[in-house]
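Structural overview for review
For reference, the chains in residue letters:
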Amino acid sequence: MLVTGIEILQDAHKNNYAVGAFNVNNMEIVQAIIEAAEETNSPVILQASQGGLKYAGVEYIAALGKLAAEKAKVPVALHLDHGTDFDQVMLCIRHGFSSVMIDGSRFELEGNIAITKKVIEVAHAVGVSVEAELGKIGGTEDDIVVDERDATFTDPKEAKKFVEETNVDYLAIAVGTAHGVYKGEPKLDFERIKTIKEMVNIPLVLHGSSGVPKEAIEKAVSLGINKINIDTDLRMAFSNAIKDFLKENPDNIDPRKILGPAKEAMKEIIKEKMELFGSAGRA
Ligand code: G3H
Ligand code: ZN
């Protein structure tokens, strides 16, 4: 069933586990995520980035996500990832997204608060949950590029002010992760996660979570991370499976044969993540 993001994340916040939010661009990815969620009995968040919406079109993504949620035996939220533009956020709400992110991290604190409040006023009026971002997460996520030197960690005092003034449902924080493939091992600021959680007491979101070591994920969850965004790990599983298949079967031209193993490879990774995040068995 399709539920709001906060319905899923409130339970995770109360019971100290995290739910995976996986980026979707096509049918095979959606199916891999839903099958993994059903097999592990896990709530799940399907999310579409700006790039995903540009690629597939908001109508296709919304139709795919809503159909998948309707048919699923587990709770599913359909979320806009890194929405940067008020009009686009409204378009997603109109198409039935049950959760949206307004990423105002490129603005100073007051500007970020202002755009977040504007989105929340409309979204909450129609029962849609809202994620915002405070601090700047480094790396590349489709069109959003933040140079390492411009990445800034979330200030706990600002986070408290931000949450009080906006009434945001869940907050993405910058604590040492980055979007895309890591060059070295990411170093998370666990003390910062703990302090922010104590000061805001709402579900917290970790972006750039592909490639973060298992122990770091476990610790981050134990300190209050409740939504974990994964894109790059799925892209790698998908493309590696296709490369392997075509290497072994260079003459095969059947898209179903080519994409089938890619879907299975993504599903295995997603199931592992669901166990690791603690959402397995929570549906
Ligand atoms: O918003 C999406 C994520 O933060 C994904 O990051 O590609 O590093 O897993 P990732
Ligand atoms: Zn992100």
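Look above for the structure.
Conventions used here
Residues numbered from 1 in each chain as written. Chains lettered and ligands numbered in written order. Predicted model: local features only at pLDDT ≥ 70, side-chain atom pairs only at ≥ 80, totals over all residues. Heavy atoms only, no water. Near = heavy atom within 4 Å. Polar contact = N/O pair within 3.5 Å; in protein donor to acceptor, adjacent residues only side chain to side chain. Areas by Shrake-Rupley, 256 points an atom, 1.4 Å probe, with all protein chains shown as cover. Helix = DSSP H or I, 4+ residues; strand = E, 2+ residues; numbered from the N terminus. Nonpolar A, V, L, I, M, F, W, Y, C, P; charged D, E, K, R; others polar. Core = buried A, V, L, I, M, F, W, Y, C linked by side-chain atoms within 4.5 Å. Buried < 20%, exposed > 50% of the residue type's maximum accessible area, 1.4 Å probe, protein only. Contact = heavy atoms within 4.5 Å. Axes fitted to C-alpha atoms, helices over the stretch in contact; angles between N-to-C directions. Parallel < 35°, antiparallel > 145°, perpendicular 65-115°, else oblique. Left-handed = near helix turned anticlockwise from the far one by under 90°. Pairing = 2+ DSSP bridges.

1. With respect to the site of ligand 1
- Neighbouring residues of ligand 1: 16 residues in total, closest Asp81, Gly208, Ser210, Asp231 and Thr232.
- One nitrogen or oxygen atom from the main chain of Gly180 is found 3.1 Å from an oxygen atom belonging to ligand 1.
- Surface burial for ligand 1 is 99%, taken as the share of its 300 Å² of free accessible area covered by protein chains.
- Mapped onto the shell around ligand 1, the elements with two or more residues apiece are β3 (76-83), β9 (178-179) and β11 (225-230).
- Class assignment of the residues belonging to the shell around ligand 1 gives a composition of two nonpolar, 11 polar and three charged.

2. A look at the nonpolar core
- Core analysis: the largest hydrophobic core is formed by 79 residues, its most contacted members being Phe22, Leu46, Phe97, Val100, Leu171 and Ile270.
- When neighbours within four sequence positions are excluded, Ile270 is seen to be in contact with Phe22, Ala32, Ile33, Ala36 and Leu234.
- Ranked by size, the runner-up nonpolar core spans 13 residues in total, among them Leu9, Ala12, Ile45 and Tyr170.

3. Examining the packing of helix α2 (residues 27-40) against helix α4 (residues 58-71)
- Put simply, α2 and α4 touch, their axes get as near as 11 Å, and they point 20 degrees apart. The angle between α2 and α4 places the two elements in the roughly parallel class. The two elements α2 and α4 cross, and the hand of that crossing is right-handed. Within the contact between the two elements, α2 uses Met27, Val30, Ile34 and Glu38 and α4 uses Leu64, Ala68 and Lys71.
- Looking at side-chain class alone, the contact of α2 with α4 contains five nonpolar, no polar and two charged residues.

4. Considerations on the sheet that holds β9
- On the basis of which strands lie adjacent, the open sheet formed by three strands has the order β7-β6-β9 and mixed pairing. With partners counted over all chains shown, the strands left at the sheet margins are β7 (144-146) and β9, one partner each.
- Where strand β6 (residues 138-141) and β9 come together, two bridges link them in parallel fashion. Among the inter-strand pairings, Gly138 is bridged to a residue of β9, identified as Ala178.

By themselves, these are just geometric observations and shouldn't be taken as functional.
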